[in-house]
Amino acid sequence: MRQRLELGGVEVFLGASFGETLRPEHADALRFRALGGFGANARLARAGVLDVVPAHLSSLPGLIASGELGIDVVFALLSPADGDGLHHLGLAGDYLEPAIERARVVLAEINPGVPRTRGAPRIAAERIAAAVFDERPILAAPAAHVGAVERRLAACVAERVPDGATLQIGIGAAPEAVCEALAGHRDLGVHSALVNDAILDLIEAGAVTNARKPIDTGVTVTGLLFGSRRLFEFADDNPLLRSMPIAYTHGIATLARLDHFFAINSALEVDLTGQINAEAVGGVHVGAVGGVVDFVRGTQASAGGRSIVALPSAARGGTVSRIVPRLLTVTSTARSDADLIATEYGVAELRGQGLAERARRMIAIAHPDFREELERAAHRLV
């Protein structure tokens, strides 16, 4: 970053970031792009220097392979070489492999804290143009704050999840609270874009065994490790966990083979017709389209599958309803894909329902302080 003015015009494509390296003032020489405003990327978005690419995660490998998302240099975090002389992309098996295949130059940080995760792509030493070695602890993804509202919400969701279901868990306080609430379930499976410490807790509690999965039986499947050192140590050479590319984790052909596939994700707001915003607040991107729509449609292809979007009914200390008459910002998930919407006041089943009935059901799970206002708005909408 200190040398950025000497680099000329450089565009930086960011994954989810949690460090302090990239700051808004660096936009004097760099152009920042990302799928969304997760983590530290939100700081760039708030400053107006982040160009958001609104793409489904499943499309990213194709965009990279075609050159539509041009990548010349990849910075990768790798494990030390294994017995075959290969370095593991142990934290992220999602879209880095196609990026490395496409790039002219690969620069690596090699850190012994990176697990040699089963299934993760392995990179030959000769593919690396230059490397630095670092033994500092890898930055951990911060755990979400789970409060009383999220726990009430999670209890409503957990009642809908049967024993033996295969789970996809998203990012945020609501999905992490759902993991807590599922601790008493049995023979759950995991096939997810990410595995975090909350899912590790379920594995250690015996709730996740993957025993009933028709494919990858006995194995937790993920594309990304999103947690702490405890999770990284669990993943290291563990045959019960496999890191797979996006084409497998998000592919509809794979998801259709998972009976009772339940996708559990969060949102910023949902309107009375079922349109879901998971990206922006007040015009600032703090989330992303990500892989949610891929998984929502995967639940539709799964026998007994369901999609659950969970969010507290209100924000800002109860002063703002998160159930709104109509989305005025972005629509991350179309109302045609909406299924189950959950708040701490219950679960609204929207699949197959008309607009008038959807509005009635959404109002029933809204915060009581806003229901009358929403009822008036519903008359104008339907």
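Each chain has its residues counted from 1, running along the sequence as written. Totals for whole chains, interfaces and linings use every residue, but because this is a predicted model, local features are given only for residues with pLDDT of at least 70 and side-chain atom pairs only at 80 or more, for both listing and counting. The basis for the side-chain values is all heavy atoms of the structure; hydrogens and waters are excluded.

## Some thoughts on the sheet that holds strand 6 (residues 105-110)
Only strands that DSSP links by at least two bridges are regarded as paired with each other. Under the DSSP-based scheme used, a helix requires at least four consecutive residues in state H or I and a strand at least two consecutive residues in state E, with every element numbered from the N terminus. Strand order across the open sheet formed by three strands is 4-6-8, with parallel pairing between neighbours. The strands lining the two open edges of the sheet, one partner per strand, are strand 4 (73-78) and strand 8 (130-133). Direction aside, the axes of adjacent strands within the sheet are offset by 20 degrees on average. The sheet contact formed by strand 6 and strand 8 spans four bridges and is parallel. Its bridge partner lying in strand 8, Ala108 is registered against Ala131. Structural elements are reduced to axes, namely lines fitted to C-alpha atoms, with helices fitted over the stretch in contact, and the angle between N-to-C directions of any two is expressed from 0 to 180 degrees.

## Side note on the environment of Glu6
If you trace the backbone, Glu6 turns up in the segment before strand 1 (10-14). In this scheme, a residue with accessible area under 20% of its type's maximum is buried, one over 50% is exposed, and one in between is partly exposed, where area comes from a 1.4 Å probe on protein chains only. Among the residues examined, Glu6 registers a relative accessible area of 66% and is labelled exposed. For the pair Glu6 and Ala29, spaced 23 residues apart in sequence, the C-alpha to C-alpha distance is 8.7 Å.

## Focus on the pattern of salt bridges
Only one rule defines a salt bridge in this text: a Lys or Arg side-chain nitrogen within 4 Å of an Asp or Glu carboxyl oxygen. According to the stated counting rule, one finds 26 salt bridges in the structure shown. Of the charged contacts in the structure, one is a salt bridge between Glu11 and Arg33, with a shortest N-O distance of 3.2 Å. One end of the pair, Glu11, is in strand 1; the other, Arg33, is in strand 2 (residues 30-34), and 22 residues separate them in sequence. We classify Glu11 as partly exposed; its relative accessible area is 39%. With a shortest N-O distance of 3.8 Å, Arg33 and Asp51 are connected by a salt bridge. Within this pair, whereas Arg33 is found in strand 2, its partner Asp51 is found in strand 3 (residues 50-52), the two being separated by 18 residues in sequence. Judged by its relative accessible area of 43%, Asp51 is partly exposed.

## Some thoughts on the packing of aromatic side chains
Pairing of aromatic rings covers Phe, Tyr and the six-membered ring of Trp, with a centre-to-centre limit of 6.5 Å; geometry is then stacked below 30 degrees between planes, edge-to-face above 60, and tilted otherwise. Applying the stated rule across the entire model yields three aromatic pairs. Between Phe13 and Tyr95, the ring centres sit 6.4 Å apart and the planes meet at 75 degrees, which makes this aromatic pair edge-to-face. Taken as a pair, Phe13 in strand 1 and Tyr95 in the loop between strand 5 (86-88) and helix 3 (96-102) lie far apart in primary sequence, 82 residues in all. The ring of Tyr345 carries Arg371 above its face, with NZ or CZ at 5.3 Å from the centroid. Only Lys NZ and Arg CZ are tested; either one counts as a charge over a ring when it is within 6 Å of the ring centre and within 35 degrees of the ring normal.

## Quick look at the nonpolar core
Nonpolar cores are built from buried Ala, Val, Leu, Ile, Met, Phe, Trp, Tyr and Cys residues. Side-chain atoms within 4.5 Å join them into one set. Formed by 40 residues in total, the largest nonpolar core has its most connected members in Val157, Val161, Leu167, Leu182, Leu188, Ile264 and Ile308. Elements that contribute at least two residues to this core include exactly helix 4 (148-158), strand 9 (166-169), helix 5 (173-181), helix 6 (197-204), helix 7 (229-235), strand 13 (261-266), strand 18 (306-310) and strand 22 (340-343). A contact between two residues is defined here by any heavy atoms of the two lying within 4.5 Å. Sequence-distant contacts of Val161, that is, excluding residues within four places in its chain, are made with Leu167, Leu182, His185, Leu188, Phe262, Ile264 and Ile308. Counting residues in each nonpolar core, the second largest holds 24 residues, with Leu60, Leu89, Leu96 and Ile128 among its members.

## So, the environment of Ala198
Checked against the element boundaries, Ala198 lands in helix 6. In contact with Ala198, not counting residues within four places along its chain, are Glu176 and Cys179.

## A look at the sheet that holds strand 3
Taken together, three strands build an open sheet; the order of strands is 1-2-3 and the sheet is parallel. Each of the sheet's edge strands pairs with one partner strand only, and the pair in question is strand 1 and strand 3. Going across the sheet, the axis of each strand differs from the next one's by a mean of 30 degrees, ignoring polarity.

## Overview of the state of the cysteines
Here, the term disulfide refers to a pair of cysteine sulfur atoms separated by no more than 2.5 Å. Under the criterion given, the structure shown has zero disulfides. The thiol of Cys156 is not disulfide-bonded; the next cysteine sulfur, from Cys179, is found 16 Å away. For Cys156, a relative accessible area of 17% translates into the label buried. Taking relative accessible area as the criterion, Cys179 reaches 2% and is therefore assigned buried.

## Notes on the pairing of strand 18
Taking burial as the measure, the five residues of strand 18 include five buried ones, the bulk of the element. Covered by surrounding structure in strand 18 are Arg306, Ile308 and Ala310 together with Ser307 and Val309, the residues of both alternating faces. Pairing of strand 13 with strand 18 involves five bridges; the strand directions are parallel. Note that in strand 18 the partner of Ala263 across the bridge is Ser307.

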